[in-house]
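# Architecture and fold: a report
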Amino acid sequence: MASLLRVLPLSGLASALLLSPALALEANVPPPLSRRQSFVAEAVRLAGPAVVRIDTERQVSTQRGGGIPPMFLQDPLFRQFFGGAQFRGPSKRTERGQGTGVIFASEGLILTNAHVVEGSSRVSVRLVDGRSMEGSVVGADPVTDLAVVRVDAAEPLPVATLGDSDQVQVGDWAIAVGNPFGLDNTVTLGIVSSTNRNASKLGITDKRLDLIQTDAAINPGNSGGPLLNADGEVVGINAMVRTGPGAGLGFSIPINRARTIADQLVSKGRASHAMVGLMLSKDAQGVRVRSVLPGGPAAKAGLQEGDVVNKVAGQTVQDPAQFLSRMEESGVGKPLAVEVQRKGRTLRLSITPVEMASLQR
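Description of the structure in this document. Everything numeric in this text was worked out from a predicted model, so none of it was measured.

About the thresholds
Once a new chain begins, its residue numbering starts again from 1 and follows that chain's sequence as written. In view of the model being predicted, local features appear only for residues whose pLDDT reaches at least 70, and side-chain atom pairs are presented and counted only at 80 or more, with totals across whole chains, interfaces and linings using the full set of residues. Hydrogen atoms and water are omitted, and side-chain values are computed over all heavy atoms in the structure. For the purposes of this entry, the term helix denotes a DSSP run of H or I that reaches at least four residues, the term strand denotes a run of E that reaches at least two, and both are numbered from the N terminus. To sort residues, take the accessible area from a 1.4 Å probe on protein chains only and compare it with the maximum for the residue type: under 20% means buried, over 50% means exposed, and anything in between is partly exposed. In this description, accessible areas are obtained by the Shrake-Rupley approach with a 1.4 Å probe, and a residue is regarded as covered only by the protein chains that are shown. Two aromatic rings from Phe, Tyr or Trp, using only the six-membered ring of Trp, form a pair when their centres are within 6.5 Å; if the ring planes differ by under 30 degrees the pair is stacked, by over 60 it is edge-to-face, and anything between is tilted. Side-chain atoms within 4.5 Å link the members of a nonpolar core, which is a set of buried Ala, Val, Leu, Ile, Met, Phe, Trp, Tyr and Cys residues. Any two residues whose heavy atoms approach within 4.5 Å are treated as being in contact. One bridge is not enough; two strands pair if DSSP finds at least two bridges between them. Lines are fitted to the C-alpha atoms to define the axes, a helix being fitted only along its stretch in contact, and any angle between axes, read from their N-to-C directions, falls within 0 to 180 degrees. We count a salt bridge whenever a side-chain nitrogen from Lys or Arg sits within 4 Å of a carboxyl oxygen from Asp or Glu. Every helix has an expected span of 1.5 Å times one less than the residues it contains. Note that the arc is defined by the directions from the helix axis to the C-beta atoms.

## Quick look at the overall build of the chain
Tallying secondary structure elements over the chain gives eleven helices and 20 strands in all. When the 361 residues of the chain are sorted by exposure, 42% land in the buried category. Accessible surface for the chain amounts to roughly 19,400 Å². Of this, 53% is attributable to carbon and sulfur atoms.

In structure tokens, the structure reads:
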């Protein structure tokens, strides 16, 4: 065959390939593009049945009176003259919302965002196959914007495979599945643009999150839906999208973090967050202590205003977000080794974090 390939001109080679079945097999010509299935289709086939739409209702109070000062509304003569009925107390209306969730346990446990179900008086869940079920909120954690919803199903529900978000790398494929703008089962494709994007750098100061950044389109209604890798595994829970300058950037909560919070919500109804009673900032020297809560764990350990924190749990920290991450990893009630610089001296201290709620009372 080698000699045949050497002597045949291009036209003769084409004829030989057409006439010889053996040569045609060796060519291993791929099937037409129309017959190929993309990896995206396969990933969605695996995870799609576990992605659900979450519809919510909440009662919202609206004050009547059109901005008229309360002192006038309390005057009987004023109400009589202008018509008292329209000024009677606040009225209530039903506000409806929608989001996405992903089933992570076949008995009917669904992971979603806390802001999707926050304040809801009614939660209903709709599966891809059209089934609708009433849901109840098992627990919600506003600090990480995660919540777990439970539905009672007569049979085991389809479950998505949870991956390992620690293995996610910049440049990996990212597939977002959800229900943006009420358009059910919408799939968008992008890549992982960044990992460990701290929420505080996005101007979000009330969350403790290191996020996966992606350019896969995430829109209103996608909240709580899964971010999949190329194998159809859930590596994140879609949480937010950047608007204004930098619009088009989406952010997802790493599934390893979400799994930990979900386990706590299911077992205890709440999530645990460590706190030591410090206010930190970053300056030219490093992570500086701006204030210390009197009587808090940091104060008891001997930290002082003006100290510069170099290491936490043996790891160098360069900004307050890294300090928080090391503290969260250590957890509540476990001594945390901290190395600080104070007036040219290196001090090694031990802080025992406590539950955040205990310091906020």
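## Here we look at the packing of aromatic side chains
Any pair of aromatic rings gets described here by the distance separating the centres and the angle formed by the planes. Under the criterion given, the structure shown has one aromatic pair. Geometrically, the ring pair formed by Phe39 and Trp173 is tilted, given 5.1 Å between the ring centres and 45° between the ring planes. Placement of the pair is Phe39 in helix H4 (residues 39–47) and Trp173 in strand E7 (residues 173–178), with a sequence separation of 134 residues. Using a relative accessible area of 31% as the deciding quantity, one classes Phe39 as partly exposed. By relative accessible area, Trp173 is classed as partly exposed at 43%.

## Digging into the nonpolar core
Ile54, Ile110, Leu111, Val125 and Ile237 are the most contacted members of the largest nonpolar core, which totals 47 residues. In this view, Ile54 contacts Gly97, Gln98, Gly99, Thr100, Gly101, Ile110, Thr112, Val116, Val117, Val123, Ser124 and Val125; residues no more than four positions away in its chain are not counted. Formed by 19 residues, the second largest nonpolar core is a distinct cluster that contains Leu280, Val287, Ala301 and Ile351.

## Examining the pairing of strand E8 (residues 186–198)
Inspection of the sheet shows E7 paired to E8 by six bridges, in the antiparallel sense. Directly across from Val177, in E8, lies its bridge partner Val187. Note that E8 and strand E9 (residues 210–214) share four bridges and pair antiparallel. By the bridge assignment, Arg197 is partnered in E9 with Leu211.

## What about the pairing of strand E19 (residues 345–351)?
With seven bridges joining them, strand E18 (residues 336–342) and E19 adopt antiparallel strand pairing. In the sheet register, Val340 faces E19, and the bridge partner there is Leu347.

## Overview of the sheet that holds strand E12 (residues 250–254)
A barrel is described by the order of its strands in space; here six strands give the closed sequence E7-E8-E9-E12-E11-E10, paired in antiparallel fashion. Pairs of neighbouring strands in the sheet enclose a mean axial angle of 45°, with direction left out of account. Those strands touched by H4 are E7, E8 and strand E10 (226–228), and its axis lies near 45° from that of E7.

## Notes on unusual backbone geometry
With phi around 55°, Asp145 is a residue other than glycine that occupies positive phi space. Tracing the backbone shows Asp145 in the loop between strand E5 (132–141) and strand E6 (146–151). The phi dihedral of Lys343 is positive, around 50°, even though this residue is not glycine. Along the chain, Lys343 turns up in the loop between E18 and E19. Here Lys343 falls in the exposed class, since its relative accessible area comes to 85%.

## Things to note about the pattern of salt bridges
Pairing between side chains of opposite charge can happen when the charged atoms of each approach one another. Counted under the stated rule, the structure contains 17 salt bridges. The shortest N-O distance in the salt bridge between Arg290 and Asp283 comes to 3.8 Å. Between Asp307 and Arg342 there is a salt bridge; the shortest N-O distance is 2.8 Å. Linking Asp307 in the loop between helix H9 (297–301) and strand E16 (308–312) with Arg342 in strand E18, this pair joins segments that are 35 residues apart in sequence.

## Description of helix H8 (residues 255–268)
It helps to recall that an α-helix has 3.6 residues per turn; residues three or four apart then point in one direction. For H8, with 14 residues, the first-to-last C-alpha span of 19 Å sits near the 20 Å given by 1.5 Å per residue. For H8, the full list of buried residues reads Ile255, Asn256, Ala258, Ile261, Ala262, Gln264 and Leu265. Trailing H8 by a residue or two, Gly269 shows a phi angle of about 80°, which is positive.

## Describing the environment of Glu328
You can see Glu328 is positioned in helix H10 (residues 320–330). Residue class for Glu328 comes out buried when judged on its relative accessible area of 17%. Distance in space between the C-alpha atoms of Glu328 and His273 is 6.7 Å, their sequence separation being 55 residues. Not counting residues up to four positions away in its chain, the partners in contact with Glu328 are Arg208, Arg257, Ser272, His273 and Ala274.

## A look at H4
Listing the buried residues of H4 in full gives Val40, Ala43 and Ala47. Along H4, the residues classed as buried sweep out an arc of 65° about the axis, all on the same side.

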